[in-house]
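Fold and contact review
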Amino acid sequence: MVATLPNDVFLPFAPDKPWLAPLAGWSDLPFRLLCRRFGAAVCCTEMISAKGLIYKSPGTAELFATCPEDGPVVVQLFGSEAPFMEAAAGQLRDKGFVWFDCNMGCSVPKVARTGAGAAMCKDIDNALSVAEALIRAAGRGRVGFKLRLGWDEPGRSPAAETWRVLAPALEALGAGWLTLHPRTAKQGFTGTARWEYLSELKALVSLPVIASGDLFTAEDGVRCLAETGVDTVMYARGALRDPAIFKAHLDLLAGREPEVADVATLLARIREHARLARELSTEKVALLKMRTIVPRYVRHIEGSKQLRADIIACRSWDDFEKALRSFEAGKNSSEGFCIFSSVSCLQISSPAPIVTLPPCRGIYEVFSLPSGFYPDRNHIRAGHPRHPRGCRRPQVF
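Scope of this entry: the structure provided in the associated data block. (Residues numbered from 1 in each chain as written. Predicted model: local features only at pLDDT ≥ 70, side-chain atom pairs only at ≥ 80, totals over all residues. Heavy atoms only, no water.)

Considering the pattern of salt bridges
When the charged atoms of two side chains lie near each other, side chains of opposite charge can form a pair. Selection criterion: Salt-bridge detection follows one rule: a side-chain nitrogen of Lys or Arg within 4 Å of a carboxyl oxygen of Asp or Glu. For every residue, the accessible area obtained with a 1.4 Å probe (protein chains only) is divided by the maximum for its type, and the residue is called buried under 20%, exposed over 50%, and partly exposed between those limits. By definition, any uninterrupted DSSP run of H or I lasting at least four residues is a helix, any uninterrupted run of E lasting at least two residues is a strand, and each is numbered from the N terminus.
Tallied over the full model, the rule gives 23 salt bridges. One salt bridge connects Arg164 with Glu161, and the closest N-O pair in it is separated by 2.8 Å. A residue is classified by how much of its surface remains accessible, and Arg164, at 34% relative accessible area, is partly exposed. A relative accessible area of 23% places Glu161 in the partly exposed class. With a closest N to O distance of 3.1 Å, Asp251 and Lys247 form a salt bridge. Residue Asp251 and its partner Lys247 are both found in helix α11 (residues 245–253); the two are separated by 4 residues, about one turn of the helix. The exposure class assigned to Asp251 is buried, which follows from its relative accessible area of 5%.

The following block contains the structure:
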């Protein structure tokens, strides 16, 4: 269902108004509603192809499904041809949507090779033509633009540090806000996001600036705000790991100790997500979604390997619930465990629990630590000596 959204609603840009990023394959309506319940102030849809919308490609309409509780919502469009982008925005305006985001930052090859996403920085004139068309269709101040630093590093590509050209030009055209992921397109998600460029962007334009990149925990988000002076942050991979990252973000800003979820709380969260998915999607789509996202929710819990395998293999909702109950029973009978938090680790019981350290700019490790040991972030950055149990570095999303 598409709700008519009032034109007098304004988007919030403030440290205590964190956004949910557009996440292809993930930020559907059920996930957006779940994140809103934890404090996401603004949510973006999945990335939508302008041509797919115009040509009514199968599945495109489901990407902008919304409801009255899903507001304010920003529709992200991608494409490299101004007429299609303008027409797509016009159609969505007719359906009641107000806010739009133009993807100029996606480095995925199937998007970039069409000239869209991050590849738009290779043709500044066309990028500005697309921007002008979108703003003409949606209205001044109604369109944001998500950027990368450029295509590659200076000396490796003529399209290096194009954000310095695009940002003021987009402001002059009537952009409403800018989001910067401070990596190059060639980097993808490797290396480290260079937050110092966020400070430079904030000084360069008078528009609201949203930070993206390496915001894996609420602590990362709050630290990014303090270090860069941006208006707010946009959680992406951090929200996929823990939708409660938004509540933890608000707790930290308010000086409160964020809640660390135990297994029962996490499983309740998973069941609520499943309920929303079943209510708002077909049974088949809902189950497929949960089979892919639940392993992300629980992979930070010691001993969750079997649960991940069971969830991926489930063929019915009975199988799904059986897998959760089996895991719950196993955890209730264990002597102790530590669960991932969007802020820090928590020792549940002793002796010598397995402690999952919080991500440090995309990397985290698992150690067996003495009872009562609470690592701090500086210790984590410095690196721990190898413990007899050893350590491991799971895949970074």
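Re the nonpolar core
We count it as follows: Each nonpolar core is a collection of buried residues, namely Ala, Val, Leu, Ile, Met, Phe, Trp, Tyr and Cys, held together in the definition by side-chain atoms within 4.5 Å. We call two residues in contact whenever any of their non-hydrogen atoms come within 4.5 Å of each other.
By size, the foremost hydrophobic cluster in this structure holds 107 residues, and its most contacted members are Leu77, Phe145, Ile270 and Phe320. Considering every element that reaches this core, the biggest residue donor is helix α6 (residues 124–138), with 8 residues. Beyond its immediate chain neighbours, meaning those up to four positions away, Phe320 contacts Ile270, Ala274, Leu287, Met290, Val294, Ile311 and Cys314. Formed by 7 residues, the second largest nonpolar core is a distinct cluster that contains Ala118, Ala119, Ala159 and Ala185.

Thoughts on the packing of aromatic side chains
Worth spelling out the cut-off: The criterion for an aromatic pair is that two Phe, Tyr or Trp rings (for Trp, the six-membered ring) have centres within 6.5 Å, with stacked assigned to planes under 30 degrees apart, edge-to-face to planes over 60 apart and tilted to the rest.
Taken as a whole and judged by the stated rule, the model has 9 aromatic pairs. Plain terms: the ring middles of Phe13 and Trp177 are 5.8 Å apart, the flat faces sit at 45° to each other, and that makes the pair tilted. Linking Phe13 in the segment before β1 (19–20) with Trp177 in strand β7 (residues 177–181), this pair joins segments that are 164 residues apart in sequence. Seen from their ring centres, Trp317 and Phe320 are 5.3 Å apart, and the 75° between their planes marks the pair as edge-to-face. Of the two residues, Trp317 and Phe320 are both situated in helix α15 (residues 317–333); the distance of 3 residues between them amounts to about one turn of the helix. Each member of the pair, Trp317 as well as Phe320, is classed as buried. Of the aromatic side chains, those joined through ring pairs into one cluster are Phe13, Trp19, Trp99 and Trp177.

Fair warning: the whole summary comes from geometry, so function is off the table for now.
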